[in-house]
Every structure is written in structure tokens, then in C-alpha cells.
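Architecture and fold: a report
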Amino acid sequence: MNTALVAKNTLIEFNQRLLEQFTANNPITELVQQRCQFVDDLLKESWLKFDLNNHHISLIAVGGYGRGELHPHSDIDLLLLSQSDIASQQAKDAISQFITYLWDSGLELGHSVRTIEETLVQGQQDITTATNLLEARLLIGQASLFDELYDAIRQEGFWPSDTFFLGKIEEQHQRHLKANAFDLEPNLKSCPGGLRDIQTVAWVAMRHFDAASLSELVDHDFLEPVELKELVECQDFLWQLRFSLHMISGRNENRLLFDLQRQVASMMGYKDDTQLAVEQMMKRYYRTVRRVMELNEMLLQLFKRATLSLSSSLTIYPINDNYQRRGRYIEVLDDQLFEQHPEQIINLFFLVAKNSNVRRIYAPTLRLLRQARRRLKAPLQDSPECRKYFMAILKHPRGIAALSLMHKHGILSSYLPAWRKIEGQMQFDLFHAYTVDEHTHRLLLNIERFAQPEQKDEFPLGAILINQLPKKGLLVLGAIFHDIAKGRGGDHSKLGATDALDFCKLHGLSDHDGRLVAWLVENHLVMSVTAQRRDISDPEVVATFADRVQDAVHLSYLYCLTVADICATNHKAWNNWKGSLLRDLYFSTQRVLSRGKEKPIDVADRVLETQQKAQKELLRRGVKQKAINELWSRFKDDYFLRHQPNQVSWHTEALLKHDKQKPLVLISKHTTRGGSELFVYAKDKPKLFATVMTVLDNKNINVHDANIMTSNDDYALDTFVILEQDGEPISQLSRIQSIKKSLEKRLTAQKSKPAKFRKMSRIMKPFKVRTQVSFLPGAKHDTSMMELIALDSPGLLAKVGDVLYRCDIKLLSAKITTIGERAEDFFILQTALGQALSEAQQTQLSEALSEALTQPLHQ
């Protein structure tokens, strides 16, 4: 029988036994060591099987395998070491057969065959190789060769301690640049706070102290026993995740991919409750990596003092009797200060705000801060002295810098109990790229960015308004509390508003200021929803929003909070399209408020104003007045209400030059509300909207806005705002021509072809979104407003268009909003007779949409 196959089956059986032990909650340390021992035995047996012990060669485990840690599908890194080049063909053949046998047995190998000299040269040239060698372990073969290598790599000339330290710090820095600790699909090894950060501490210690393990750092007084315990706890949890991930994926997978997260959570014993099992697991993960990041920073800073004499090279500047600045670090002078005077914990961060040169906390002070944090018996906000310092931080121009450092080191949760509940809390979706606390932290940093001169181009209105706010600290409080009630159940905006009001009373804010903060928290989503999911060209929509806002001060606060909130949600959430919508809503509302809400704009005046401005431009270009009048006589008032004068003049000039019998497709060279405007003019026909949406979906184009209207003589005058997948306008000429050509071809086709849509992407497959259709009270008696929530699947809008056609419903306009995996779209509809939908028609449409969006569309 094939012995490699026997070994492979034995390995599979062993992995199954490991899985059984894992689900029985056996310690993870024992499991990775067991697998390491199993592989050790298999390698030694195979080594002897191919008579390699008769040759002057050593088999050495390096890297993670050298540490004695082996997860189910981790690479097994081996070094076959010889004194000189292997000349014997017999030895070469034996090595080749040995490696092939191991591969056939199911082991995932990484191996090299080198002499001692080659190994040392390679190690001196590459810090990763040097690090692997530091963890080398003899498995079998010539011990003298291993001993010679072991002694050589521990010589001072082979990566001196200070050089090695700087190399590992740079390696970690580069690794952190490529990944975020709070990624939706984090890499357990390489993300900040991951296993590599724990290993980096161990590697530096190993080189500096010749330590074999982290536990030896306690003997060298570089690690407190409680810190060692914390590091081990964090490592064990990350190992449990990695073990589960390997078992479920069946490969050396270290990324917590969306399509694996639910299964990993289940294998680790998490159960759905008020919070999803996967969210419970990820909450612990994010809290764990934050602990590792803090320990990593503190310990590497301590190593830096030891290896590079950091403390002696930093200039000391006195701050007061209790603190001093050492370079860019703040340092406490009395080791008992935090213990005896807890209010000094908050005062330290107030001093950070006051001293712009302070960026970080000195490692010994950070250690004292961590100890004091653990010993707190009550929230710091219970102390009047702490409240005094906290309010001083809020009022200081650099207060957000201090709050950011408080968040980083867990002091914000020590101060504010509600903050602790949202630490590490994630939402299992594609929209919220960060945990709730990290999202809020980024929101605060965005508020700080508005005041920076270099941000004026990206946030022109925010840069102006942030400096006009009566009290910036109230905006900061609104930001801190806006999502603080997430995960409790119920409306987090209202629950958070109650929390905010209680906080303001406790901290002695006036009733007016407390009500403003609470109002901001309760209404923090209103401006975003109105701008992105309502027709803000409708005066009634703007008037309703103005009623909610009440005055210009509330409007300015809400605008700043809304923009900062969107930008902090994920790196794709903000684009010029959203910026333009929010600015338009801001200025429209400002005009309503300044005029007085009792003086609404007359619709006829708006139509006339748009026509006059467009006509002036057209006449300047040489277009005849008669031609303009004849064309416009075919257009309804709605056309002029829903378009700006420059759009009207652009459409008009193109239409007057165009053959009326053929469809006209225009794509703007200039952006419209941050996107590209697509204008489609054609004889109105069934499923026109669905046809356009199918073409755009196949071109991988995002549609954000649609104005669907017909002329008096039944020609479609449809306008869309479209963007590339990355949120940028359509700019390449070849891309524009391709879209136009495809649309013209489909619009002139005599028969409609069955729609074909893109495949669902991998990252979308784990998500399920229940289709929800709801009808809102309409401001106009002859239209109906419908909201649709559904999975943002390929061809969604084309399917919606097909359903509207089959239900004999006219689409007047649409606002398309994608929130991660969810589409939250808004439509203004009318019956074929120009009336609002009856209850029976609403029910029919709702049922048809639910059916169409949960099964393939048949045309």
C-alpha cells in the first residue's frame, strides 16, 4: 500500500481528533503543541525511512514551527543544513524523495537546503530569515551542525541587538501601513494587534536577552506578571480564531473572511442572542487587538530605552510639579499620583491638549496608567474634579487630540460607562467598516480636520461652519453620543439623546446647551436621509426638513456632524455626489429659514427663473428663440423644476440638433452633483427604465439619482446621475462612448433581450437582506412615495423597473442609496392615469417586488 497515502490518512484522522478536543474546550496551547509533536514524529520517521541519518545533514525546524506552534494548516518551515555543498547524488536523491513523500503525505512545506555559510549570509541580508533562525530547533540529524549554527547566530556581529530592534520596528511599521486593526475582514497574523505584534515583542526580547519565551521577560523586569498573563490571554484567543479558521477553510487561511465568520463563531461556541453570534465574536476580537496594540507599544518603547538609550537622548521640559515632557512623550513624576489622586488621570489628558508637542505617553507612565485603570472602583465621571478636567478638555481647541489618546488607552471607557459597551462592537454588514467606538473616534478626528486649512478643498462648507459654531464642544459631545446606544435594542438615536441629556446635566451644562446636544444625537441621521433618499428639489421636502431644524445654528451643527459621520463610516462612503447633495440641502434650508417659512417660493416663479437663465445662455450661443419656444412647449413644468438652467440649455441645444426619430444619449463632461449626468431622450416605450438599468448594470455603473419624465408628446426625458464603482464620475472618453453606444443599441432594438446580470460577488454572498417595501405619506395628492430595502444584488434596479412595468406603474423619480450590502432606495410613483396608488395597488406592487427580488427574473 502507498505509505504516503497511509501517512496522509493518519494526518486527517489526527486533525479530526484535534477538532474534537477543540470543541470540547481543551486548551488551545495544548492543541498547537500536539500538532507540532505529531509532525515532529512524522518528519523524524520519514527522515529515517530515507536513510538521511547516514548523511552529514541536520533537519531543523524554523519560524513558527521552530517555536513549537503549529496550527492545522500552517506552513511547516524546514532547513536542511549541511557543512558544505551536498555533492553525493545519493544524498540529493534521498532529500528529493523525502520532500516529495512529505508533500504526498499532505504536509504543507516550506524548505531550503543550505550550508552553514549560506545560511548565515542569507540571515545577515534579510531580517525575516534572521528571525526564523533565532527560533530554529533541531529535529533530527547532525547535532554538531545545529550547534555551530546556533552559536553563530547569537554572536553580536549577527544582527546586533539595536540594529535588529530597528529592523523589526520598521518591519512592523510597514506591515501596519498595509492593514487596519479594525478591518471588516482582518488578518489574524498581520493586522495591527494581531499575532505578529505579539511575536515582534518576543523576537526583540529573544535577540536582546537571549530569551526563549515571553515569560523570561518577567525575570528581566521588562514585563509585569499581570502583563504576561494579558498577552497570553490575547494570544490564546487569537489562536482559537486561527485554529477554527484553518479547520473551516481547509487551508492556511489567516483572514477572517465574511463568508467564514459565521462558521468560525459557531465552532467557537458563540450563539445568536440579542447580539448575533458573529458580532459577539468580533467584538471580543477587536477588544483583544486593542489590548495587544497597547502592550506592543509600551513594551517596544521599553526595549527602545534599553537598546538605544532613548531616555537619555530625549530633552526634558517641565510642565508642572507632577508632569514633565520628555521629547514628545508626557511623563508623570510621582509613581503614586494616579493611585492617590484619580482625577490626575484626566488631568494628564488635559495637559496633552494644552501641550501641542506631546504626542504619546512615556512607557513607564503608560504602565502606571494601566495599573490605575484596572484598580478603579467607579467611573471617573462620578468625581467632580474629573468632570472639571473633562469639560476643560472639551472646551480646549486641541481637545479632540486628547480624547483620541483617551480612547486609545481605554480612559474614555473608564470615564464614561456607556462608552465601554460600544468598545469593539461591530455590525455584521458591509457598510460599517469600523467598530462603533472606532467609527465615533474617526468622526471626532473628522471634526478636527474641518478646522485644518489644507481641508478647505475637500470640505469647503464644513471648513467655514466649524469656525462659526458658537461652541465647538457641543458638536464634540453630539459626536461622542450619536451612536453610544447602539446594540441596546430600540431606537439608538432616542436612547442616545437621553444619555446625552443626563451627561449634560451631570456636567453642569445649561438647559439650552443640553437640549442642543440631545437634539443633535436624536437627529443625527435626518439630514443624511433627507439629502440622499428624498427629492430635495421638491420645496415641500425642504420645508419639512426646515421645520425639523428650526434655526440656522441647529442647521450648521447638524451639517458638520452629518458630514463627519458619513466620512467616518467607511473609506468609500463619502464622495462628491453626497457632498453636493448635502450642500444643496444646506443652502436650500438656509434660504427657507432666512425667508421665514411662511413665504414659500411660488412654483411658477421657479419655472420662469430656470427658463430665463437657460434661454439667456442659449441665445448667447446663437440658438434661435423660435426653436427654443417650440421645443419647450412640449415640456411639462416638472422638467424645469427638476433641472438647473445649465442642464436645460445643454439638453435643449443637443435636442435641436438631433433627429427626433432616433434616441439621444448624452453623458456630461462636467460633473453634476459630484457625478456624471446621463440624459436619455427617446420615444417612450414599455420597460425603458428597466432597459437603461440593465445596460448600466452590465457596465458596472452605479446609479445614484433618476428623474423619469415624459414630454407632452410622449417622449422620455430621463436624467440619471451615474458614478463608477469607486465613487468617481465617468471620465474616460472611451468609457463614455462605450456606455452611449450600448444604450443607443438597446434603445433602438425592436425586441428586448432577456436580461443578463453580473454574478454576485464573494463578499456579498454571506449576507441576507429581507426585501421590505413601505409607502410614505405623500405631500402631493397625485403621487405615492415608496421606500425599498433589499439586497444590493446585480440587476436590482432593472428588476424593479420590470415590476413597475408589469404593474402598470409610472416611475417619476428615484433616489438610489447603497449602504454596504443593503439598497435603500426611494421612488416617487404614479398610476398610468396620473394618480396616487390605491391601497390595493400598493399591496400588489409590494408583493410583486418581494417575489421578483427573491428569485431570478424571467423575461
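Scroll up for the structure.
Fair warning: this is a prediction, and the values are worked out from it, not measured in the lab.

1. Here we look at the pairing of strand β12 (residues 715-723)
Across a regular strand the side chains alternate sides, sitting on one face of the sheet and then on the other. Of all 9 residues that make up β12, 9 are buried, and the element is covered over most of its length. Burial of the side chains of β12 extends over both faces: Tyr715, Leu717, Thr719, Val721 and Leu723 are buried on one face and Ala716, Asp718, Phe720 and Ile722 on the other. Both strand β10 (residues 675-683) and β12 contribute to a ladder of 8 bridges, which runs antiparallel. Across the sheet, residue Val680 finds its bridge partner in β12, namely Asp718. Pairing analysis gives 5 bridges linking strand β11 (residues 702-707) to β12, with the strands arranged antiparallel. Following the sheet pairing, Asn702 is matched in β12 by Leu723.

2. What to know about the pattern of salt bridges
In this structure the tally under the stated criterion is 42 salt bridges. Two residues, Asp713 and Arg634, come together in a salt bridge whose shortest N-O distance is 2.7 Å. Note that Asp713 is positioned in the loop between β11 and β12 and Arg634 in the loop between α32 (625-632) and α33 (637-641), a separation of 79 residues in sequence. In this structure Asp713 comes out as partly exposed when scored by relative accessible area, which is 24%.

3. Focus: the sheet that holds strand β1 (residues 57-61)
Strand order across the open sheet formed by 4 strands is β3-β2-β1-β4, with mixed pairing between neighbours. Every other strand in the sheet has two partners, leaving β3 (109-115) and β4 (137-141) as the edge strands with one partner each. Taking the axes of each pair of neighbouring strands and ignoring which way they run, one obtains an average angle of 25 degrees across the sheet. Here β1 pairs with β4 via 4 bridges, running antiparallel. Counterpart to Ile60 in the pairing with β4 is Leu138. The strands that helix α2 (residues 28-49) touches are β1, β2 (76-82) and β4; relative to β4, the one it contacts most, it runs at about 30 degrees. Contacts from helix α7 (residues 143-153) reach β1, β2 and β4 within the one sheet, and its direction differs from that of β1 by about 55 degrees.

4. Brief notes about empty space enclosed by the protein
Unoccupied space between atoms shows up once a probe the size of one water molecule is rolled over them. Tallied over the full model, the rule gives 2 cavities of 30 Å³ or more. Space inside the second largest cavity adds up to approximately 40 Å³. What lines the second largest cavity is simply Gln427, His432, Tyr434, Thr435, Val436, His439, Asp483 and Lys486. Residues that form the lining of the second largest cavity fall into these classes: 2 nonpolar, 4 polar and 2 charged.

5. Details of the packing of helix α27 (residues 526-533) against helix α30 (residues 576-595)
The contact between α27 and α30 brings their axes to 9 Å, and the two run at 105 degrees. Overall, the two elements α27 and α30 adopt an arrangement that is roughly perpendicular. Along its contact with α27, which presents Met527, Ser528, Thr530, Ala531 and Gln532, the element α30 presents Lys578, Leu581, Leu582, Leu585 and Tyr586. Along the lines of polarity and charge, the residues of the contact of α27 with α30 split into 6 nonpolar, 3 polar and 1 charged.

6. Points about the packing of aromatic side chains
Tallying each qualifying case throughout the model produces 26 aromatic pairs. Judged by centre distance (6.4 Å) and plane angle (35 degrees), the rings of Phe350 and Tyr389 are tilted. Of this pair, Phe350 sits in helix α16 (residues 343-354) while Tyr389 sits in helix α18 (residues 384-395), and the two are 39 residues apart along the sequence. Here Phe350 and Tyr389 have matching classes, each one buried. Ring centres 5.1 Å apart and planes at 10 degrees place the aromatic pair Tyr681 and Tyr715 in the stacked group. Within this pair, whereas Tyr681 is found in strand β10, its partner Tyr715 is found in strand β12, the two being separated by 34 residues in sequence. The burial state of Tyr681 is the same as that of Tyr715; both residues are buried. Among the aromatic residues, those joined into a cluster by ring pairs are Phe390, Tyr415, Phe481 and Phe503.

7. Some thoughts on helix α4 (residues 89-104)
The terminal C-alpha atoms of α4, which comprises 16 residues, lie 22 Å apart, in line with the 22 Å expected from a rise of 1.5 Å per residue. Every buried residue of α4 is accounted for by Ala91, Ala94, Ile95, Phe98, Ile99, Tyr101 and Leu102. Buried residues of α4 fall within an arc of 160 degrees about the axis and therefore sit on the same side. N-capping of α4 is provided by Ser88, with a side-chain oxygen placed 3.2 Å from the backbone N of Gln90. Gly106 sits one or two residues past α4 and shows a positive phi near 100 degrees.

8. As for the environment of Phe349
Within the fold, Phe349 resides in helix α16. Overall, the relative accessible area of 0% leaves Phe349 in the buried class. Sequence separation of Phe349 and Ala401 is 52 residues, and the distance between their C-alpha atoms is 9.0 Å. The contacts of Phe349, once residues within four sequence positions are left out, are Ile361, Leu369, Ile393, Ala402, Leu405, Met406 and Ile411.

Criteria and cut-off values
Residues numbered from 1 in each chain as written. Predicted model: local features only at pLDDT ≥ 70, side-chain atom pairs only at ≥ 80, totals over all residues. Heavy atoms only, no water. Buried < 20%, exposed > 50% of the residue type's maximum accessible area, 1.4 Å probe, protein only. Helix = DSSP H or I, 4+ residues; strand = E, 2+ residues; numbered from the N terminus. Pairing = 2+ DSSP bridges. Salt bridge = Lys/Arg side-chain N within 4 Å of Asp/Glu carboxyl O. Axes fitted to C-alpha atoms, helices over the stretch in contact; angles between N-to-C directions. Contact = heavy atoms within 4.5 Å. 1 Å grid on protein atoms, 1.4 Å probe; cavity = no way out; pocket = protein on both sides within 12 Å on 5 of 7 lines; lining within 4 Å. Points joined across faces, edges and corners; volume = space filled by probe spheres on them. Nonpolar A, V, L, I, M, F, W, Y, C, P; charged D, E, K, R; others polar. Parallel < 35°, antiparallel > 145°, perpendicular 65-115°, else oblique. Phe/Tyr/Trp six-rings, centres within 6.5 Å; stacked < 30°, edge-to-face > 60°. Expected span 1.5 Å × (residues − 1). Arc of directions from axis to C-beta. Polar contact = N/O pair within 3.5 Å; in protein donor to acceptor, adjacent residues only side chain to side chain.

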